[in-house]
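A closer look at the structure
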There are 4 protein chains.
Amino acid sequence: MRRLTADIFDDGVISRASLVYRTVEASFAIAGVGAMVLDTEPDLPPGWSTACLAVDIVVLGFFVLDWLTRLWVIPLSVDGISAASARMRWLTSRASIIGLLSFVPMGLAAFIDWSATGAPVLSILWVVRFAHYSKGIDMLFAVFARERQAITAVLFMFLTTLLTGGVLEFLVERGAQPDHFRSVPQTLWWAITTLTTTGYGDMVPTTSLGRLVAGGLMISGLIVFGLLAGILATGFAAEMKRRDFLRNWDLVAQVPIFRDVGPGTIADLANLLRPRELPGRTVVARRGSAGDCMFFIVSGEVEIQVDPVPVRLGAGEFFGEMALVTGATRNATVVTRGATRLLVLDIADFRAFASAKPELLDIIQQEAGRRSTVAAGSA
Amino acid sequence: MRRLTADIFDDGVISRASLVYRTVEASFAIAGVGAMVLDTEPDLPPGWSTACLAVDIVVLGFFVLDWLTRLWVIPLSVDGISAASARMRWLTSRASIIGLLSFVPMGLAAFIDWSATGAPVLSILWVVRFAHYSKGIDMLFAVFARERQAITAVLFMFLTTLLTGGVLEFLVERGAQPDHFRSVPQTLWWAITTLTTTGYGDMVPTTSLGRLVAGGLMISGLIVFGLLAGILATGFAAEMKRRDFLRNWDLVAQVPIFRDVGPGTIADLANLLRPRELPGRTVVARRGSAGDCMFFIVSGEVEIQVDPVPVRLGAGEFFGEMALVTGATRNATVVTRGATRLLVLDIADFRAFASAKPELLDIIQQEAGRRSTVAAGSA
Amino acid sequence: MRRLTADIFDDGVISRASLVYRTVEASFAIAGVGAMVLDTEPDLPPGWSTACLAVDIVVLGFFVLDWLTRLWVIPLSVDGISAASARMRWLTSRASIIGLLSFVPMGLAAFIDWSATGAPVLSILWVVRFAHYSKGIDMLFAVFARERQAITAVLFMFLTTLLTGGVLEFLVERGAQPDHFRSVPQTLWWAITTLTTTGYGDMVPTTSLGRLVAGGLMISGLIVFGLLAGILATGFAAEMKRRDFLRNWDLVAQVPIFRDVGPGTIADLANLLRPRELPGRTVVARRGSAGDCMFFIVSGEVEIQVDPVPVRLGAGEFFGEMALVTGATRNATVVTRGATRLLVLDIADFRAFASAKPELLDIIQQEAGRRSTVAAGSA
Amino acid sequence: MRRLTADIFDDGVISRASLVYRTVEASFAIAGVGAMVLDTEPDLPPGWSTACLAVDIVVLGFFVLDWLTRLWVIPLSVDGISAASARMRWLTSRASIIGLLSFVPMGLAAFIDWSATGAPVLSILWVVRFAHYSKGIDMLFAVFARERQAITAVLFMFLTTLLTGGVLEFLVERGAQPDHFRSVPQTLWWAITTLTTTGYGDMVPTTSLGRLVAGGLMISGLIVFGLLAGILATGFAAEMKRRDFLRNWDLVAQVPIFRDVGPGTIADLANLLRPRELPGRTVVARRGSAGDCMFFIVSGEVEIQVDPVPVRLGAGEFFGEMALVTGATRNATVVTRGATRLLVLDIADFRAFASAKPELLDIIQQEAGRRSTVAAGSA
């Protein structure tokens, strides 16, 4: 029981149960945030407000339970230290603190000013819970960190343009519309809606000169935005390349047949392979479909459904290379038996690579020959 | 008759007739959608509504006919299986289902609530018909699939920012404008128009603090948008490269003179060549124009209009290399004789490649020499 | 006189006179367009309208004169054919037709409906005149042509989303606002202002469901825009690379000392060098400034201002390599003597290249040694 | 005292004191600009206006003092010339002129029309002060310079589209709304708010044809914007690559153990290493954290906190390679002793490089062996 629960909560393992649990957790958080947001509506039908409160209390209870369960099972996921110190270390981890923030402030707010002020603000904390799971969010922050200097420069340009535009427009337009363009802070509000091309239309210049300044500000907005997109595109491409390489290097090093190839070839392979994580009982390749990639097993086990007896392959073995070499469709369906990590070698990369590194093609063919012998013997 | 019709409907073959038919089909769909959309206008001149209905019925009939004809001719496009099983297989294909969706629901809606509700919704199905033909749409989906994780992260950032901005603005602005910023759901509407920089102007903050929150939201919108553009740019460049390589590899392998070059050279060529598909009687190169590329014929036939007798080249031959080597203008006009697939080698790539792979230059020169002898002999 | 005029009008030659003339031409066109646009203003001060008309007539006369002069001098810019056939060929060129379009329709419109309708429309033709000179415009069109398929797919997505959003919003919102969301065409207007995030605010959904659809449409707008930016970024980068290579290859082939290096090295150099065109009497490098690049002369002549006698270098020679090797500041000011085309080798590329191709470094050092001997001898 | 002040003001040296001073300077400028902007608000609470004036006078005084102090200490930062000529040269530098512009015009404006007109305009000069420090701003300008031609072409397209759209809309819409679409200049205002997708909503077309033109203009706006983003992305990526290479080349050349490797390897390393500047007493690596990079010391000194006696490393030495090779966590905390410049070699790059250049791995291992012997001897 406790072992099973531990597996569900362990981020490093991907099982059906843990995927289901994450979906349940997300549904609770969404329901809770929805109920809180809805509860602020003043003219709800009678009874809805009570229903919203009930939903929020259930969600709150769920998060308390989630946190306590994680505290209970955490020692099973950590080796070599006592249960007490594993719990103590987890208590100060990011996961635990995010968990605590999901219910402690919310519970305190209940005694003060529940639905009107506190709750909507705190509901944001429930959304932040999920940032913890998203690998993509980490990546976006890495891109921001990498392009820190350039982004700062763009924001600086943005602020300088904003101030310049606001001050000029104030001087130009205050004569014609003293009510709207009354002061620089007031005009800065107009300037930001114009520079970001939002354009509410609550303040609109009417003089020719004022419109010229406004036009310049809009074009500056497009340029600033274009620069920002360019900077983030450059940073994203660079970060992407770095991550893929690191991740693949670690995975390639775990495949036995690649242990004897030189580090140069491993580096090349790490640039070519793309990882794929699959839960159990999932179809990897279907008999008769186009064979456009081959697979290396990093961990877990797959079953090749051939007659009379299915062949099982485990960590360090590979499959799907036949369809790739001959260009024919898959001649067997392949299904994962448990959570499995695969490395996928695309047909485009395979062809380019096979021509540049003939020795690797040999390794794969020898291994394929050896395996078919074993399979024949076991049949 | 049936064979001709089959050719028109076969997606794999490009003939004048099939191009014309696709244009006709597109015109029918556009006319039908236009008529449906127009028909919802309440104060149309008398008679227009009837005309719209007539157009829609004609278009509907055309789509029924199109589907039936395709069902009739499909056995001619498939080899090795019986007519009945070819039809059965086609019935469950994407093309057939899109065809059925074009008229079955439309016909049913006619009995219920034609012009007011059903028809406009269903007209969307007529637009979707064409997604089937567009290779570009597939590519966009591949880009989305490739950048799934990063796009999810951006949408997550977007939603978090939206909720945070909406809640803050609600707390800050509800005092000053209790009518507009009445509840969090109401304020979320304002937040999304601001974060996407749409700015309708139906709800505009008036307090200083509310405007600060709004300014922050607008800038966040620009950053989210910049990130999205960056992610999609990165993914698009990568997908583009992969597709070009795969497509060209398949085409290069069909050119006879490239059969003896090693796989490394084929991989290099696949990176250089760009494919071009042309219908019959089209001018490929005009005498006297600048010679900025050479062509390899993958399938079909071209005619080089030289005196006294035009030379015909078929699959596996090439032309246009003279102007490329000497830098002179084209010395003959080249016209396709039927639907032709060409591979284009750009002058820039040719020069770089010829310096790196002198042996390929030899092959091309030998072939050119052989061909000019043949041409002289045939004259 | 006629020779001088021919030089001014020849696009291939860059002289001070031709630069001045282009600026004058641009000023005339801008003044003409400005006068036409201003003339449509109904409550201009008395006399302004007459002044606008006068400006337009002067500009029109200028364009007539420009066209006639070009016709007169064109034979001097073309070799090997008779004056009459040179003129005949020019008459059908793009430059001549744009010139004719600048005054023929304008002159005809004068007899019909000058300032109210015809003139503003025709003034657009005066703006188009300049597209003829801009090399950048050609490049933008090449990018569009290259990414034709992907851009079509995005526009298709755009239209499908527009129609879907418009139809859904019509069904959802017509109950609450029958005046505004009266019909699908009416709602499509709202949809396009929303999907492009323009947001005029003349039609705004008020129901919850209508706002959900609107929110979806805005986010789709950001995604479509991001895709477009990504596609154009990819195409622009590819086109840029292709152009630079072609242009540089042609220029490198004109420098004598590169004639003996192999084509591989020329291809590498073509990737490194960047061209620069300068009019006469312009400072290329100033004594004492940082030496961050070296220069190769493609055509024209420069003067190195050293004591006692300045050294003159012509086509095929190079300078600025000393500061590059030693990292010191420039030890002499270099000035062009007439219109000069240079190839610039950046310090970053120079260092990378010198390490990879030591033989080229030798060629440059020998040439530098030879030149300093000559310089010493001439002193 | 004067030496210490000189260090604070020297841009080339990074010390805690200079970082603090820059922050103070920024705070003063922000406070000054804020006070000026606030002062234009007509209905401020009594006394606030006086407070704003006081803040501005203090800030003005600070900038005078800053300029005078820089003039006083500048001779200490420059070697080999007399104090007078160092000051004279600095007086004409960009830094000095920006300093003068911060207070001279401001002081003059005080006598004329302080808070109403002059001050807000001049406050922009205080913002520009900081552009001087931002390396990112220089880079943005380099990107603009590099893509000059393409950006000009886009702006030209923008203006042509603007004029075409404005003129067409004027002709189409003036019948229905003669008040709003009164003249071409008036309609150009509408056109620019539409083309930039700002959409104030003060002028909105109501005819079907007018809305078609508007829709086309909005889509053109997205395309122009997408092109701009693409151009700036391409330029930014190219400029980034150039800068990183140049900066790293200079830094790598200062590390002694790289002196004997060939220039090819230095060029490769310059592409891999990333520089990091740290003030004194900063933790570079913490014991127990993941070892994902190694460091080379360019200047300054770090202390490796091992028992019993900490080891100090200076310019030309390196650390952190153990954790990198073994993949274990850091086995010691490393702290800078003063301002230190480091080159960081990322684990991803290290693995790729070690496989391609085994000889460099040898150099690093020998050096590591030598150093551990020294460390053991000193222990």
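To keep things clear, this report deals only with the structure shown in the data block.

Calculation notes
Residues numbered from 1 in each chain as written. Chains lettered and ligands numbered in written order. Predicted model: local features only at pLDDT ≥ 70, side-chain atom pairs only at ≥ 80, totals over all residues. Helix = DSSP H or I, 4+ residues; strand = E, 2+ residues; numbered from the N terminus. Buried ≥ 20, exposed ≤ 12 C-beta atoms within 10 Å, placed from the backbone. Contact = placed C-beta atoms within 7 Å. Least-squares fit on C-alpha atoms with pLDDT ≥ 70 in both. Pairing = 2+ DSSP bridges. Axes fitted to C-alpha atoms, helices over the stretch in contact; angles between N-to-C directions. Parallel < 35°, antiparallel > 145°, perpendicular 65-115°, else oblique. Nonpolar A, V, L, I, M, F, W, Y, C, P; charged D, E, K, R; others polar. Expected span 1.5 Å × (residues − 1). Bend = angle between axes of the 7 residues up to and from the residue.

1. Re the overall build of chain A
If you tally the helices and strands in chain A, you get 14 helices and eight strands. Sorting the 379 residues of chain A into buried and exposed places 36% on the buried side. In chain A, the share of contacts with a sequence separation of at least 24, taken over all contacts with a separation of at least 6, comes to 70%.

2. Focus: the relation of the copies chain A and chain C
Laying chain A over chain C is done by rotating through 180 degrees and shifting 0.0 Å along the axis; what remains is an RMSD of 0.1 Å. Taken together, the rotation angle and the small translation identify this as a two-fold axis. Here 100% of the interface residues in chain A have copies in chain C that are interface residues too; the copies meet face to matching face.

3. A look at the sheet that holds strand 1 (residues 274-278) of chain B
All names here are of chain B. Pairing is antiparallel in the open sheet, where four strands are placed in the order 1-8-3-6. This sheet does not close on itself; its edge strands, each paired only once, are strand 1 and strand 6 (318-319). Bridge analysis of strand 3 (residues 293-299) against strand 6 gives two bridges, and the strand direction is antiparallel. By the bridge assignment, Phe295 is partnered in strand 6 with Phe319.

4. Focus on the packing of helix 1 (residues 2-9) of chain D against helix 3 (residues 48-77) of chain D
All names here are of chain D. Interhelical geometry of helix 1 versus helix 3 gives an angle of 95 degrees and a closest axis separation of 9 Å. As far as their axial angle goes, helix 3 and helix 1 are roughly perpendicular. Along its contact with helix 1, which presents Arg2, Arg3, Thr5, Ala6 and Phe9, the element helix 3 presents Thr69, Arg70, Val73, Leu76 and Ser77. A class-by-class count of the residues in the contact of helix 1 with helix 3 yields four nonpolar, three polar and three charged.

5. Topic: the interface of chain A and chain C
Across the contact, four residues belong to chain A and four residues belong to chain C. Taken together, the residues of the side of chain A that touches chain C sort by class into two nonpolar, two polar and no charged.

6. Remarks on the pairing of strand 7 (residues 333-336) of chain B
Sheet faces and side chains relate simply in a regular strand, where the side chains alternate between the two faces. Residues and elements named next belong to chain B. The alternating pattern of strand 7 places Val334 and Thr336 on a buried face and Thr333 and Val335 on a face that is not buried. Strand direction decides the pairing type here: strand 2 (residues 283-285) and strand 7, joined by two bridges, are antiparallel. Bridging from a neighbouring strand, Val283 pairs with Val335 of strand 7.

7. Notes on the interface of chain B and chain C
Opposite the 43 residues of chain B that make contact, chain C presents 43 residues. Put simply, the parts of the chain that give the side of chain B that touches chain C at least two residues each are helix 2 (16-39), helix 6 (114-128), helix 7 (135-146), helix 9 (184-195), helix 10 (208-252) and helix 13 (347-356) of chain B. No other element matches helix 10 of chain B, which puts eight residues into the side of chain B that touches chain C. A class-by-class count of the residues in the side of chain B that touches chain C yields 28 nonpolar, 11 polar and four charged.

8. Digging into the environment of Ile297 of chain C
Residue and element names in this part refer to chain C. As for its position among the elements, Ile297 is in strand 3 (residues 293-299). Overall, Ile297 belongs to the buried group, with 22 C-beta atoms counted inside 10 Å. Here the alpha-carbon distance between Ile297 and Arg276, two residues 21 residues apart in the chain, equals 9.8 Å. Not counting the four nearest positions on each side in its chain, Ile297 is found in contact with Val302, Leu313, Gly314, Ala315, Gly316, Glu317, Phe318, Thr340 and Leu342.

9. Overview of unusual backbone geometry
All names here are of chain B. Phi angles above zero are rare outside glycine, and Thr197 is one such case at about 55 degrees. Mapped onto the elements of the fold, Thr197 is located in the loop between helix 9 and helix 10. Of the residues examined, Thr197 has 28 C-beta atoms within 10 Å and is grouped as buried.

10. Focus: helix 9 (residues 184-195) of chain A
Residues and elements named next belong to chain A. If you check helix 9, its first and last C-alpha atoms are 15 Å apart, about what 12 residues at 1.5 Å a residue would give, namely 16 Å. Of all 12 residues making up helix 9, 11 are buried, and the element is well covered by its neighbours. Listing the buried residues of helix 9 in full gives Val184, Gln186, Thr187, Leu188, Trp189, Trp190, Ala191, Ile192, Thr193, Thr194 and Leu195. Looking one or two places after helix 9, you find Thr197, whose phi comes out positive at around 55 degrees.

11. Quick notes on the sheet that holds strand 5 (residues 311-313) of chain C
Residue and element names in this part refer to chain C. As summarised here, the arrangement of the four strands in space is 2-7-4-5, forming an open sheet in which the pairing is antiparallel. Each edge of the sheet is formed by a strand with only one pairing partner; in this case those strands are strand 2 (283-285) and strand 5. Neighbour to neighbour, the strand axes of the sheet diverge by 30 degrees on average, direction disregarded. Two strands pair when backbone bridges link them, and strand 4 (residues 302-305) and strand 7 (residues 333-336) are joined in this way by four bridges, in the antiparallel orientation. From the neighbouring strand, Val302 faces strand 7, where its bridge partner is Thr336.

12. Thoughts on helix 3 (residues 48-77) of chain B
Each full turn of the α-helix corresponds to 3.6 residues, which orients residues three or four apart in the same direction. Its 30 residues place the ends of helix 3 of chain B 42 Å apart at the C-alpha level, agreeing with the 44 Å of an ideal helix rising 1.5 Å per residue. The axis of helix 3 of chain B is deflected most strongly, by about 35 degrees, at Leu71 of chain B, and proline Pro75 of chain B appears within four residues downstream.

13. Considerations on the environment of Met88 of chain C
Mapped onto the secondary structure, Met88 of chain C falls in helix 4 (residues 83-91). Considering only alpha carbons, one finds Met88 of chain C and Leu71 of chain C, 17 residues apart in sequence, at a separation of 9.1 Å.

14. Thoughts on the relation of the copies chain B and chain C
Superposing chain B onto chain C takes a rotation of 90 degrees combined with a translation of 0.1 Å along the rotation axis, leaving an RMSD of 0.1 Å. Within this description, the copies of the chain are treated as partners about a four-fold rotation axis. Of the residues that chain B buries at the interface, just 12% are likewise interface residues in chain C, meaning the two copies contact each other through different surfaces.

Just distances and angles here, no functional claims.
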